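These are the residues of each chain, in order.
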Amino acid sequence: MTTLDHKDINDAARIIREGGLVAMPTETVYGLAADATNDKAVARIFEAKGRPQFNPLIIHVASPDMAKRYVEVSPLAERLMKDFWPGPLTMVLPRKEGSDVSLLVSAGLDTIAVRMPGHDLAQALIQAVDCPLAAPSANRSGTISPTRPDHVKESLGERVDMILDGGPCPVGVESTIVKVAGDTVTLLRPGGIPRDAIERATGKPISSAHGKIEAPGMMTSHYAPDAKIRLNAHEQREGEAFLGFGEVEGAGPAALNLSKSGDIAEAAANLFAHLRAADRMAARHGLTAIAVAPIPMEGLGEAVNDRLARAAAPRE
């Protein structure tokens, strides 16, 4: 991970305490962080992103003990924390009575989405302010998530008070989100922890959610570039840029490859940066669409396919 710069951490912590917004790196994507207990600061997140207020946020904590200040942690949730924290697993848990997390964070729900990020700069910032940080992806709502500092600047510009530079995000897709209720685990959003890893940890299959929005990333249209997306493309047609996977023959000049070796983890890490680059190529060459090669569903492939399907969906 990135070497800590204590001056940057101290400056970022001061901004957070004063109700400001800091783009912080995590192992998944850059988050637009604010004090999760400050209503005005949380409202600034929604304003800066142009995010609908019915779409809840994730709070980021420094430890399981910090999480327990704000949510009820069942034995099953504690087991998942032990197995996957710090890391890209978010759990939707019941709000603890007396929790001072802003109600804007949970969008009127009686649950809070919480995770412990596995990035040293994010951890240092949370520990410096000693409060949970609400931090959705640091980009305009519905657009491609940022995995590098320049992505944040390009999308948010002056709307963010500081960008804490941690270089590229190593995982590259957002956290997996599960709802833990009693002894039941429901997958709300696939992400950086594969479904089968959670099933091995719990010893039981997990179901997928359908219906109401209970966590971030559940809107049908999301992560969208300007160009239209064509999925499961086996060839590059006229008027298209192309995102390949594995060995690809016959691709034209406006083409990139998520992983020439066919490595799903590499494809996940490259996904958002390559989508941005393909979108720029399409605009530069006067193309109207981006064709994307088939991606296997194994491992992180479920998360990659989820993001691509939402990017391809009609705009909401």
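Keep in mind it's a predicted model, so treat the numbers as computed, not measured. (Residues numbered from 1 in each chain as written. Predicted model: local features only at pLDDT ≥ 70, side-chain atom pairs only at ≥ 80, totals over all residues. Heavy atoms only, no water.)

Got a sec to walk through the overall build of the protein chain? Specific residues and values, please.
Within the protein chain one finds 9 helices and 14 strands. A compact globule built from 316 residues should have a C-alpha radius of gyration of about 20 Å, and the protein chain, at 19 Å, falls within 12% of that. Principal-axis analysis of the C-alpha atoms gives the protein chain an extent of 60 × 45 × 35 Å. Buried positions account for 57% of the 316 residues belonging to the protein chain. In the protein chain, once contacts between residues fewer than 6 apart in sequence are set aside, the share between residues at least 24 apart is 69%. Total accessible area on the protein chain stands at roughly 13,200 Å², and carbon and sulfur atoms take up 49% of it. (Helix = DSSP H or I, 4+ residues; strand = E, 2+ residues; numbered from the N terminus. Rg over C-alpha atoms; globule rule 2.2 N^0.38 Å. Buried < 20%, exposed > 50% of the residue type's maximum accessible area, 1.4 Å probe, protein only. Contact = heavy atoms within 4.5 Å. Areas by Shrake-Rupley, 256 points an atom, 1.4 Å probe, with all protein chains shown as cover.)

Describe unusual backbone geometry, and please don't skip the residues or the numbers.
A cis amide bond, omega -10°, links Trp85 with the succeeding residue Pro86. The topology assignment puts Pro86 in the loop between helix 4 (75-84) and strand 4 (89-94). In this model, Ala107 sits at a positive phi of 50°, which is unusual for a non-glycine residue. With respect to the helices, strands and loops of the structure, Ala107 is situated in the loop between strand 4 and strand 5 (111-115).

With reference to specific residues and values, describe the packing of aromatic side chains.
Taken as a whole and judged by the stated rule, the model has 1 aromatic pair. Seen in terms of ring centroids, Tyr223 and Phe272 are 5.7 Å apart; in terms of plane orientation they differ by 25°. Their pairing is stacked. A residue pair is termed long-range when its members are at least 10 positions apart, and Tyr223 in the loop between strand 10 (207-208) and strand 11 (228-230) and Phe272 in helix 8 (residues 264-284) qualify at 49 residues. (Phe/Tyr/Trp six-rings, centres within 6.5 Å; stacked < 30°, edge-to-face > 60°.)

Residues and numbers for helix 5 (residues 120-129), please.
One turn of an α-helix holds 3.6 residues; hence residues three or four places apart share an orientation. Burial runs high along helix 5: 7 of the 10 residues are buried. Once helix 5 ends, the next one or two residues include Asp130, with phi positive near 55°.

Describe the environment of Leu188, with residues and values.
Position of Leu188 among the secondary structure elements: in strand 9 (residues 184-189). With relative accessibility at 5%, the residue Leu188 sits in the buried group. Sequence separation of Leu188 and His210 is 22 residues, and the distance between their C-alpha atoms is 8.1 Å. Non-local contacts of Leu188, meaning those with residues more than four positions away in its chain, are made with Val92, Ile177, Val178, Lys179, Ala209, Glu214, Ala215 and Met218.

Go over the sheet that holds strand 5 with me, naming the residues and quoting the values.
Across the sheet, which stays open at both edges, the 10 strands sit in the order 7-1-2-6-3-5-4-8-9-10 with mixed pairing between neighbours. Strand pairing shows two members of the sheet lacking a second neighbour, strand 7 (162-163) and strand 10, which therefore form its edges. Examined bridge by bridge, strand 9 and strand 10 share 2 bridges and lie parallel to one another. Following the sheet pairing, Leu187 is matched in strand 10 by Ser208. (Pairing = 2+ DSSP bridges.)

Give me the pattern of salt bridges: which residues, what numbers.
Proximity of charged atoms lets side chains of opposite charge pair with each other. Tallied over the full model, the rule gives 16 salt bridges. Here Asp161 and Arg44 are joined by a salt bridge, their closest N and O atoms 3.1 Å apart. Pair noted here: Asp161 is in the loop between helix 6 (149-156) and strand 7 and Arg44 is in helix 2 (residues 39-49), with a separation of 117 residues, a long-range link. Among the ionic contacts, a cluster of salt bridges with common partners joins Glu174, Asp306, Arg307 and Arg310. (Salt bridge = Lys/Arg side-chain N within 4 Å of Asp/Glu carboxyl O.)

Mind laying out the environment of His119, listing which residues take part and the relevant values?
Its place among the elements puts His119 in the loop between strand 5 and helix 5. Residues His119 and Arg14, 105 residues apart in the sequence, show an inter-C-alpha distance of 20 Å.

Quick rundown of the sheet that holds strand 13 (residues 255-257)? Include the residues and the values.
Spatially, the 4 strands line up as an open sheet ordered 11-14-12-13, and their pairing is parallel. Every interior strand has two partners, whereas the edge strands, strand 11 and strand 13, have only one. In this sheet, adjacent strand axes meet at a mean angle of 20° when their direction is disregarded. Bridge count for strand 12 (residues 240-244) against strand 14 (residues 289-292) is 4 bridges, and the pairing is parallel. (Axes fitted to C-alpha atoms, helices over the stretch in contact; angles between N-to-C directions.)

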